[in-house]
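Geometric and topological summary
For reference, the chains in residue letters:
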Amino acid sequence: MANSGQKVVLITGCSSGIGLRIAVTLAKDEKKRYHVIATMRDLKKKDKLVEAAGDVYGKTMMLLPLDVCSDESVKQCINNVKDRHIDILINNAGVGLLGPVESISIEEMKRVFETNFFGVVRMIKEVMPDMKKRRSGHIVVMSSVMGLQGVVFNDVYTASKFAMEGFCESMAVQLMKFNIRLSMIEPGPVHTEFETKMMEDVAKMEYPGADADTVRYFKDVYLPSSIDIFEAMGQTPEDIAKCTKKVIESSSPRFRNLTNNLYTPIVALKYADETGGLSVNTFYNLLFNFGPLMHITMSILKCLTCSCLRRRTISPN
């Protein structure tokens, strides 16, 4: 139970990665400003979180089961919070999907949207009425650079993030009238166990329905380039947690918060040309015409991005 003066923070998807680090970072706040309600679909996966939390588990952190894909689970989770009072909701739960779209079933696509989009909508719908009554609250959504700029072979995942960005951009206007803030956290590549395993798995998979050229472009062109980008520009879950903490502690939190300044020029391409041709052609050339050059560039960038520069990239300012 939260002490007087503590803000109640509910975080989805805390079994690993970014969600775990955000939960631990806030629960270990030196000033003890937060009472963290960490949630996950399967409580059998709580061991990593409990270990990372250490002695703050059971004090400034508690754990509740939550499946963002279930209306009943969402309602039950919020009902288990004292007075349904949540000051800060951090929507972090998400799933990825990578590969040629011809080989991805509609059911697989729906599962991505069920978590990445409708899961966020469910959570916001459940906490928003109480926040409106109090005329206070902060909703944080873990989005992605891919919610701003499409990335080849990430078609469905990108679409789910675009949908979420549009939904939240619309909601933010209404919520301001009730003194409720809405903030998007937009990381680029992040080194997590989930991402590493996914990259390893997709390299081994077969892709029925996709032609041989497309599969070759995916495995032999896209995947190596993606690995280069991850190694050169990737952040850690700790980086994203620090950025998120800065956002919720800001007196005037921004709506959009890119966590990695190295991605700012990439996103800017889209808005520099209203026809869309500049960004599409640039990404085409980088991937298919200048692949070797991009590999060299990423290797140089990896050397140049020293720890001091990486520290600078976690600020939302």
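Note that the coordinates shown come from a computational prediction; the quantities given were computed from them, not determined experimentally. (Residues numbered from 1 in each chain as written. Predicted model: local features only at pLDDT ≥ 70, side-chain atom pairs only at ≥ 80, totals over all residues. Heavy atoms only, no water.)

The next thing to look at is the packing of aromatic side chains. Overall, the coordinates contain 8 aromatic pairs when judged by the stated rule. The interplanar angle of 70° and the centroid separation of 4.9 Å between the aromatic rings of Phe117 and Phe118 together place this pair among those described as edge-to-face. Exposure remark for Phe118: the relative accessible area of 40% places this residue in the partly exposed category. Ring plane angle 75° and centroid distance 5.3 Å describe the contact between Tyr217 and Phe288, whose orientation is recorded as edge-to-face. One end of the pair, Tyr217, is in helix H8 (residues 212-233); the other, Phe288, is in helix H11 (residues 277-289), and 71 residues separate them in sequence. An aromatic cluster is defined as three or more aromatic residues linked by ring pairs; in this entry it consists of Phe153, Tyr207, Phe218 and Tyr222. For the cation-ring pair, Lys132 lies above Phe178, with the distance from its terminal atom to the ring centre recorded as 4.7 Å. (Phe/Tyr/Trp six-rings, centres within 6.5 Å; stacked < 30°, edge-to-face > 60°. Buried < 20%, exposed > 50% of the residue type's maximum accessible area, 1.4 Å probe, protein only. Helix = DSSP H or I, 4+ residues; strand = E, 2+ residues; numbered from the N terminus. Lys NZ or Arg CZ within 6 Å of the ring centre and 35° of its normal.)

This next bit is on the environment of Leu66. Looking at the secondary structure, you find Leu66 in the loop between strand S3 (61-65) and helix H3 (71-79). Each C-alpha atom of the pair Leu66 and Ile106 lies 25 Å from the other, and the pair is 40 residues apart in sequence. If near-sequence neighbours (up to four positions away) are discounted, Leu66 is found in contact with Leu10, Thr12, Thr39, Met40, Arg41, Ser73, Val74, Cys77 and Met123. (Contact = heavy atoms within 4.5 Å.)

The next subject is the pairing of S3. Where strand S2 (residues 34-40) and S3 come together, 5 bridges link them in parallel fashion. If you follow Ala38 over to S3, its bridge partner there is Leu63. (Pairing = 2+ DSSP bridges.)

Residues annotated in UniProt with the feature "binding site: substrate" (unreviewed entry) correspond here to Ser144. Structurally, Ser144 is set in the loop between strand S5 (137-142) and helix H6 (155-176). Its relative accessible area of 7% is what places Ser144 among the buried residues. Those residues within four positions of Ser144 in sequence are excluded, and the remaining contacts are Tyr157, Lys161, Glu165, Ile185, Glu186 and Pro187. Within the local environment of Ser144, its side chain forms a polar contact with the backbone nitrogen of Met146, the two atoms lying 2.9 Å apart. (UniProt positions renumbered as here; feature names shortened; annotations may be inferred. Polar contact = N/O pair within 3.5 Å; in protein donor to acceptor, adjacent residues only side chain to side chain.)

Where helix H7 (residues 193-204) meets H8, the closest approach of the two axes is 11 Å, and the angle between their N-to-C directions is 165°. Of the possible angle classes, the one that applies to H7 and H8 is roughly antiparallel. The two elements H7 and H8 cross, and the hand of that crossing is left-handed. For the pair H7 and H8, contact is made by Glu195, Met199, Val202, Ala203 and Lys204 and by Phe218, Lys219, Leu223, Ser226, Ile227 and Phe230, respectively. Looking at the contact of H7 with H8 residue by residue, the class counts come to 7 nonpolar, 1 polar and 3 charged. (Axes fitted to C-alpha atoms, helices over the stretch in contact; angles between N-to-C directions. Parallel < 35°, antiparallel > 145°, perpendicular 65-115°, else oblique. Left-handed = near helix turned anticlockwise from the far one by under 90°. Nonpolar A, V, L, I, M, F, W, Y, C, P; charged D, E, K, R; others polar.)

Axis separation between helix H4 (residues 106-116) and H6 bottoms out at 9 Å; the angle between their running directions is 35°. You can see that H4 and H6 cross each other, and the crossing is right-handed. Of the residues in H6, those in contact with Met109, Val112, Phe113 and Asn116 of H4 are Val156, Tyr157, Ala159, Ser160, Lys161, Ala163 and Met164. Residue composition of the contact of H4 with H6, grouped by class: 8 nonpolar, 2 polar and 1 charged.

Right, let's talk about the pattern of salt bridges for a bit. Across all of its chains, the model carries 16 salt bridges by this definition. Ionic pairing is found between Arg21 and Glu238, a salt bridge with its closest N-O pair at 3.5 Å. Pair noted here: Arg21 is in helix H1 (residues 17-27) and Glu238 is in helix H9 (residues 237-249), with a separation of 217 residues, a long-range link. Residue Glu238 is classed as partly exposed on the basis of its relative accessible area, which comes to 35%. For Asp29, the salt bridge goes to Lys245, with nearest N and O atoms at 3.2 Å. Taken together, the residues Asp29 in the loop between H1 and S2 and Lys245 in helix H9 connect sequence positions 216 residues apart. (Salt bridge = Lys/Arg side-chain N within 4 Å of Asp/Glu carboxyl O.)

On to the sheet that holds S5, then. Read across the open sheet, the 7 strands follow the order S3-S2-S1-S4-S5-S6-S7; overall the sheet is parallel. The open sheet has two edge strands with one neighbour each: S3 and strand S7 (256-258). Averaged over all neighbouring strand pairs, the angle between strand axes comes to 20°, with direction disregarded. Contacting S2, strand S4 (88-91), S5, strand S6 (180-186) and S7, H9 runs over the sheet at an angle of about 155° to S5.

For the rest of this paragraph, the subject is the side chain of Thr115. In this structure, Thr115 sits in helix H4. With sequence-adjacent residues up to four places away left out, Thr115 is seen in contact with Val68, Cys69, Ala93, Gly94, Val95 and Val120.

Let us look at a nonpolar patch on the surface. On the surface, Tyr217, Tyr284 and Phe288 cluster together to form a nonpolar patch covering roughly 280 Å² of accessible area. With relative accessibility at 32%, the residue Tyr217 sits in the partly exposed group. (Patch = residues over 30% accessible without salt bridge, like charges linked within 9 Å, V, L, I, M, F, W, Y side chains within 5 Å. Areas by Shrake-Rupley, 256 points an atom, 1.4 Å probe, with all protein chains shown as cover.)

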